[in-house]
Amino acid sequence: MPRMLLSVGYLSLAGAALAHNVTILSDAPVNQEITGLLWWVLIFAVIIFGVVAGALAYTIWKFRAKPGDNELPPQVHGNDRMEIIWTAIPLLIVMVLFVLTAQTLVKIKRPVAGSLPVEATGWQFWWDFQYPDEGLRTAGELVIPVGQPVEVKITSGDVIHSFWPPSLTGKADAVPGEDNYLRFMATKPGNYYGYCAELCGASHANMRFRILALEREDYNRFIEDFKAYEAPAPANEQAARGQQLFNAQCAACHTVKGTPARGVIGPDLSLFGMRTTLGSGVWDNTPENLKRWIQDSSAMKPSSKMPPFTQLSDTDLEALAAYLYSLKLDGFDFAQLPRY
Ligand code: CUA
């Protein structure tokens with residue numbers, strides 16, 4: 001029975017990993033470099049394991065106690081030649097790995113000409129994204145073009161976080177008062193998972209993000225439309241009521257481009273209606289989740305900084321949801337992107 005439970009556990013783990021295709025062994029350019037390094041380390045590890053396990057097995061078999069043999073075997077102390085050999089070989093291996101690692105580090109840290117600058121700032125427990133050249137801002141989901149290197153400047157507004165989209169590149173710490181850089185390129189369109197990879201508080205595990213890689217022309221259209229974006233006039237009474245509520249209750253912390261809502265404490269919600277997730281990449285962006293989130297986000301994400309809004313009636317929540325889902329650019333469907 002325990003064995004069966006274990007198998008089911010392994011299967012569901014494998015299933016979860018497969019469902020999202022998140023892997024550091026992807027063919028994204030930076031990950032290729034890291035994967036190459038990983039193979040070198042793996043080759044040495046396998047050789048060392050083979051030699052050590054083989055020597056151990058041989059010794060156990062060769063020097064086993066034989067029937068009727070009750071004598072102590074010869075006691076050997078020290079062997080200078082062997083000690084030098086088993087010190088020198090690992091030293092050599094470590095030196096080779098050091099050189100390979102240093103080379104890779106230099107290679108992946110090198111600025112890439114023609115890369116797109118973006119800025120990522122970690123906050124407990126969400127990511128703020130900015131396009132400095134365009135003066136645009138989003139949160140939780142960063143849209144990038146396929147086939148152009150992206151240079152992410154990473155910092156933090158409070159404690160140390162770490163920015164990590166595994167299928168695209170390695171990690172970089174987000175440190176208050178310091179800028180770190182990650183450079184990578186998406187080679188195919190997709191919804192790439194990202195994680196905070198540095199323990200940063202109660203909801204560290206719930207501090208995720210997405211990178212949405214779009215084909216060039218879609219990306220250009222996204223940026224142009226976003227630059228020209230003004231929150232649409234409410235389509236109906238419900239959305240108008242939602243906007244009123246939003247401007248009264250939410251505008252102190254959240255921004256919606258082209259409206260009086262200019263708060264910068266919480267995530268920018270200008271394009272909330274396009275987001276595939278809410279609660280920084282943890283929950284699917286559905287009306288049910290949104291209503292639960294507004295009512296009491298800390299029940300969904302421990303230590304969430306957003307206060308509960310339990311005083312809102314169901315009608316109010318529906319109205320807020322109607323308004324928030326109207327905040328989007330037309331002609332995009334991010335839900336269709338394959339997930340990596
Ligand atoms: Cu932010 Cu862990």
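Residues numbered from 1 in each chain as written. Predicted model: local features only at pLDDT ≥ 70, side-chain atom pairs only at ≥ 80, totals over all residues. Heavy atoms only, no water.

Within an unreviewed UniProt entry, the label attached to the chain reads Cytochrome c oxidase subunit 2, and the organism entered is Oceanithermus desulfurans NBRC 100063. Under Sequence similarities (unreviewed entry), UniProt gives the following word-for-word description of the chain: "Belongs to the cytochrome c oxidase subunit 2 family." (UniProt positions renumbered as here; feature names shortened; annotations may be inferred.)

We now examine the sheet that holds strand S7 (residues 172-174). Judged by pairing direction, the sheet is mixed, and its five strands sit side by side in the order S4-S10-S9-S6-S7 without closing on themselves. Two strands bound the open sheet, and with one partner strand each, they are strand S4 (141-145) and S7. The average angle at which neighbouring strand axes cross in this sheet is 30°, direction not considered. Lying over the sheet, helix H4 (residues 216-227) contacts S4 and strand S10 (208-214), oriented at roughly 125° with respect to S4. (Pairing = 2+ DSSP bridges. Helix = DSSP H or I, 4+ residues; strand = E, 2+ residues; numbered from the N terminus. Axes fitted to C-alpha atoms, helices over the stretch in contact; angles between N-to-C directions. Contact = heavy atoms within 4.5 Å.)

Another aspect to go through is the packing of aromatic side chains. Tallied over the full model, the rule gives 16 aromatic pairs. Ring plane angle 70° and centroid distance 5.7 Å describe the contact between Trp127 and Phe209, whose orientation is recorded as edge-to-face. Taken as a pair, Trp127 in strand S2 (residues 126-131) and Phe209 in strand S10 lie far apart in primary sequence, 82 residues in all. Judged by relative accessible area, which is 0%, Trp127 ranks as buried. Three or more aromatic residues joined by ring pairs make a cluster, and in this case those are Phe222, Phe226, Tyr229, Phe332 and Phe334. (Phe/Tyr/Trp six-rings, centres within 6.5 Å; stacked < 30°, edge-to-face > 60°. Buried < 20%, exposed > 50% of the residue type's maximum accessible area, 1.4 Å probe, protein only.)

Under the defined criterion, the tally for this structure stands at one cavity of 30 Å³ or more. There is about 130 Å³ of room inside the largest cavity. Around the largest cavity, the lining comprises 18 residues; the ones closest to its centre are Thr138, Ala139, Glu141, Leu271 and Arg275. By residue class, the composition of the lining of the largest cavity is twelve nonpolar, two polar and four charged. Counting only domains with at least three residues in the lining of the largest cavity, you end up with domain 2 (116-227) and domain 3 (237-336). (1 Å grid on protein atoms, 1.4 Å probe; cavity = no way out; pocket = protein on both sides within 12 Å on 5 of 7 lines; lining within 4 Å. Points joined across faces, edges and corners; volume = space filled by probe spheres on them. Nonpolar A, V, L, I, M, F, W, Y, C, P; charged D, E, K, R; others polar. Domains from an automatic or database assignment.)

Those residues carrying the UniProt feature "transmembrane region" (unreviewed entry) are residues 37-61 and 82-102 in this numbering. Secondary structure across residues 37-61 divides into 100% helix and 0% strand, with the first and last C-alpha atoms of the span separated by 36 Å. Strand forms 0% of residues 82-102 and helix 100%; the C-alpha atoms that close the span are 30 Å apart.

Moving on to the side chain of Thr138. Along the chain, the position of Thr138 falls in strand S3 (residues 136-139). Under the relative-accessibility criterion, Thr138 is labelled buried at 8%. From its side chain, Thr138 meets the backbone oxygen of Glu141 in a polar contact 3.3 Å long. Residue contacts for Thr138: discarding those within four places in its chain leaves Asp128, Phe129, Phe226 and Asp268. (Polar contact = N/O pair within 3.5 Å; in protein donor to acceptor, adjacent residues only side chain to side chain.)

Bringing a nonpolar patch on the surface into the picture now. Side chains of Trp39, Trp40, Leu42, Ile43, Val46, Ile47 and Val51 sit close together on the surface and give an oily, nonpolar patch of about 710 Å² of accessible area. As for its placement among the helices and strands, Trp40 is situated in helix H2 (residues 29-62). (Patch = residues over 30% accessible without salt bridge, like charges linked within 9 Å, V, L, I, M, F, W, Y side chains within 5 Å. Areas by Shrake-Rupley, 256 points an atom, 1.4 Å probe, with all protein chains shown as cover. Salt bridge = Lys/Arg side-chain N within 4 Å of Asp/Glu carboxyl O.)

A separate point is the nonpolar core. Formed by 68 residues in total, the largest nonpolar core has its most connected members in Phe163, Phe184 and Phe222. Per-element tally for this core: the top contributor is helix H8 (residues 314-325), with six residues. Both domains that furnish three or more residues to this core are identified here as domain 2 (116-227) and domain 3 (237-336). (Core = buried A, V, L, I, M, F, W, Y, C linked by side-chain atoms within 4.5 Å.)

Looking now at unusual backbone geometry. Note that the residue after Gln124, namely Phe125, is joined by a cis bond; omega there is 0°. Relative to the helices and strands, Phe125 is located in the loop between strand S1 (116-123) and S2. One non-glycine residue, Ser280, lies in positive phi territory at about 50°. Its place among the elements puts Ser280 in the loop between strand S11 (277-278) and strand S12 (283-284).

What follows is about the environment of Met300. Looking at the secondary structure, you find Met300 in helix H7 (residues 297-300). Setting aside its immediate chain neighbours within four residues, Met300 contacts Trp283, Asn289, Arg292 and Trp293.

What follows covers the domain arrangement of the chain. When its domains are assigned, the chain resolves into domain 1 (25-51 + 87-110), domain 2 (116-227) and domain 3 (237-336). Distance from the C-alpha centre of domain 1 to the C-alpha centre of domain 2: 27 Å. Across the contact, ten residues belong to domain 1 and eleven residues belong to domain 2. Interface area for domain 1 against domain 2, summed over the two sides, is near 720 Å², with a carbon-plus-sulfur share of 44%. Put simply, domain 1 and domain 2 have zero salt bridges between them. Broken down by secondary-structure element, the contributors of at least two residues to the side of domain 1 that touches domain 2 are H2 and helix H3 (80-109). Element by element, the count of residues in the side of domain 1 that touches domain 2 is highest for H2, at four residues. Partitioned by chemical class, the residues of the side of domain 1 that touches domain 2 number five nonpolar, two polar and three charged. (Buried area = accessible area lost by both parts, 1.4 Å probe.)

Enumeration over the complete set of coordinates arrives at ten salt bridges. The salt bridge partner of Lys227 is Glu134, with a shortest N-O separation of 3.3 Å. A residue pair is termed long-range when its members are at least 10 positions apart, and Lys227 in helix H4 and Glu134 in the loop between S2 and S3 qualify at 93 residues. Classification of Lys227 as partly exposed rests on a relative accessible area of 39%. Relative accessible area serves as the criterion here: at 27%, Glu134 is assigned to the partly exposed category. One network of salt bridges, in which partners are shared, links Glu119, Lys153 and Asp179.

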